[in-house]
Amino acid sequence: MKLADNKATLSFSNGSPSVEMPMYHGTIGPDVIDIRKLYGQTGLFTYDPGFLSTAACQSAITYIDGDKGELLYRGYPIEQLATQCDYLDTCYLLLNGELPNTAQRGDFHKMVLKHTMVNEQMQFFLRGFRRDAHPMAVLTGLVGAMSAFYHDSTDINNPQHREIAAIRLISKMPTLVAMAYKYGKGEPYVYPRNDLSYAGNFLRMMFATPCEEYVVNPVLERALDRIFILHADHEQNASTSTVRLCGSSGTNPFAAIAAGVACLWGPAHGGANEACLNMLEEIQASGGISKVAEFMEKVKDKNSGVKLMGFGHRVYKNYDPRATLMQETCNEVLAELGLENDPLFKLAKEVERIALEDDYFVSRKLYPNVDFYSGIVQRAMGIPVNLFTGIFALARTVGWIAQLNEMISDPEYKIGRPRQLFVGATARDVQPLEKR
Ligand code: SDX
């Protein structure tokens, strides 16, 4: 970052001396006011619950222009990466800052595809869960448990450990997600195969059984690879900020990523794809398209607490570019599976059409986000609704790692420790029980 040719001056109406603060600008996006010395100089904190106006770090990984609906991974538009690259190329890009050349691509693909097995003991760890446990509960446990199985890559301040942990996490997440799925289904685990692509391997571990050969459908393989690309990283979202804050204590990479998995599970964040599909199914069950208008009235009634899941975004105040690509992927998969008339896809497109004509949504700049169509395409592929967020976590693991590594490598980084505006009781004495 560079010192901006501008300064910020904070003046006070009570006559306190004004304070000057430096401003910096990055390569693109809003400038920042450096408030790090504010408390020392004034004894005051800034107040920004939800971090609506706060840059928690500097980063060179992902840039989002919310007004234009633009998303860049290391400068490359998501539209180009989703159509001209594959997920492992995108992983290499996010981790290293550049797309791989032929030799680097071959080495990286081989490295990842050769570390897809997990320690056999993890099967016994899995057995501790109820079969009907939510896959995200299982995944949070499994990822955290990786720090119990891979001791030789837990020192986050050791670059070699960070690199080994990154490969292990990227390679093994599909295996763990598939194991959680098979465990819940009561089917035997399917071991990974090194001769399949990253997405093809995952499809086979999910849907193959020992009873017959499983042939990977190339259209579904490409669609899933694209879904992984679309979810790979997204600036300082809630789960990425969780990973950064958790990792800032110096804890091991597996524990920090497990914290990200736990945060992503929430319906306001990565859990929205599952909530969105459930919402569409509820509308469908109550009468389908004829009931959309009634549902929208509920959404617009603040007292209902009902939100249009898959819509709205803290940063995008325009169409989420990932939603556009996801809708295209949806069309391809439904056509390949002969489900062009999928009633839920038709319903989703009608919900989107109605919302985008309704002033409630237009005035609040609420557009479909990445989660609006992702559930429909995953459901068509046979992925159960309660596993959608697990797929999101699988894909986002590389983004979390890249952001964690960037933080640890930043000489300016310190343990994250926000302050507060205290509104509780001032000091008082404990009264004896009989007097309370
Ligand atoms: C992801 O941050 C990221 O980058 C996340 C993500 C990533 O890749 O990491 O992009 C992935 O999490 C996408 C978002 C998935 N969540 C959902 O689809 C859940 C539904 N969306 C909302 O919960 C909401 O839009 C958020 C949480 C996504 C954003 O919330 P904000 O930024 O805090 O906005 P807000 O709640 O202040 O909303 C502003 C207004 C409010 O109305 P008013 O008080 O102004 O009258 O818009 C309304 C909100 O009530 N609103 C909605 C709505 N989203 C916002 N009303 C109905 N339905 C919605 N979905």
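Above this text you will find the structure in question.
Everything numeric in this text was worked out from a predicted model, so none of it was measured. (Residues numbered from 1 in each chain as written. Predicted model: local features only at pLDDT ≥ 70, side-chain atom pairs only at ≥ 80, totals over all residues. Heavy atoms only, no water.)

A short note on the site of the ligand
Now for step 1: Close to the ligand lie 24 residues; H234, H313, R314, R322 and R396 are nearest.
Now for step 2: Between an oxygen atom of the ligand and a side-chain N or O atom of H313, the distance comes to 2.6 Å.
Now for step 3: Between the ligand and Y360 there is a distance of 3.0 Å, counted from a nitrogen atom to a side-chain nitrogen or oxygen.
Now for step 4: Protein contact buries 75% of the 1000 Å² of open area that the ligand shows by itself.
Now for step 5: Looking at the shell around the ligand residue by residue, the classes come out as ten nonpolar, seven polar and seven charged. (Near = heavy atom within 4 Å. Polar contact = N/O pair within 3.5 Å; in protein donor to acceptor, adjacent residues only side chain to side chain. Areas by Shrake-Rupley, 256 points an atom, 1.4 Å probe, with all protein chains shown as cover. Nonpolar A, V, L, I, M, F, W, Y, C, P; charged D, E, K, R; others polar.)

Overview of the pattern of salt bridges
Opposite charge on two side chains permits pairing when their charged atoms draw close.
Now for step 1: Under the criterion given, the structure shown has 21 salt bridges.
Now for step 2: The shortest N-O distance in the salt bridge between R193 and D195 comes to 2.9 Å.
Now for step 3: The exposure class of D195 is exposed, given its relative accessible area of 54%. (Salt bridge = Lys/Arg side-chain N within 4 Å of Asp/Glu carboxyl O. Buried < 20%, exposed > 50% of the residue type's maximum accessible area, 1.4 Å probe, protein only.)

Considering unusual backbone geometry
Now for step 1: Phi is positive for R74, close to 50 degrees, though the residue is something other than glycine.
Now for step 2: As for its placement among the helices and strands, R74 is situated in the loop between β5 (70–73) and β6 (76–77).
Now for step 3: Of the residues examined, R74 reaches a relative accessible area of 23% and is grouped as partly exposed.
Now for step 4: Although it is not a glycine, K365 adopts a positive phi angle of roughly 50 degrees.
Now for step 5: Here K365 lies in the loop between α16 (359–363) and α17 (371–380). (Helix = DSSP H or I, 4+ residues; strand = E, 2+ residues; numbered from the N terminus.)

Side note on the environment of L220
Now for step 1: Looking at where L220 falls in the secondary structure, it is placed in helix α9 (residues 218–230).
Now for step 2: In the structure, L220 is positioned 189 residues away from D31 in sequence and 42 Å away in space, judged by C-alpha atoms.

Considering the sheet that holds β5
Now for step 1: Judged by pairing direction, the sheet is antiparallel, and its three strands sit side by side in the order β4-β5-β6 without closing on themselves. Each end of this open sheet is capped by a strand with a single partner; those strands are β4 (62–65) and β6.
Now for step 2: With four bridges connecting them, β4 and β5 associate as antiparallel partners. Within β5, the position partnered with I64 by the bridge is L71. (Pairing = 2+ DSSP bridges.)

Let's talk about the sheet that holds strand β3 (residues 32–33)
Now for step 1: Spatially, three strands are ordered β1-β2-β3 in an open sheet, and the strand pairing comes out antiparallel. For this open sheet the edge positions go to β1 (2–10) and β3, each flanked by a neighbour on one side alone.
Now for step 2: Two strands pair when backbone bridges link them, and β1 and strand β2 (residues 19–25) are joined in this way by six bridges, in the antiparallel orientation. Bridging across to β2, L3 finds its partner in Y24.

Describing the packing of helix α6 (residues 135–149) against helix α11 (residues 253–264)
Now for step 1: Put simply, α6 and α11 touch, their axes get as near as 7 Å, and they point 170 degrees apart. When the interaxial angle is binned, α6 and α11 end up roughly antiparallel. Residue-level inspection shows M136, L139, T140, V143, G144, M146 and S147 of α6 in contact with α11, the latter providing F254, I257, A258, V261 and A262. (Axes fitted to C-alpha atoms, helices over the stretch in contact; angles between N-to-C directions. Parallel < 35°, antiparallel > 145°, perpendicular 65-115°, else oblique. Contact = heavy atoms within 4.5 Å.)

Brief notes about the pairing of β5
Now for step 1: Where β4 folds back on β5, the antiparallel hairpin that results is connected by four residues, among which G69 adopts a positive phi of roughly 70 degrees.
Now for step 2: Bridge count for β5 against β6 is two bridges, and the pairing is antiparallel. Bridge pairing links Y73 to Y76 in β6.

Comments concerning the environment of T46
Now for step 1: Residue position: T46 is located in the loop between α1 (38–42) and β4.
Now for step 2: Between the C-alpha atoms of T46 and Q420, which are 374 residues apart in sequence, the distance is 9.0 Å.
Now for step 3: Those residues in contact with T46, other than ones at most four positions away along the chain, are I35 and L38.

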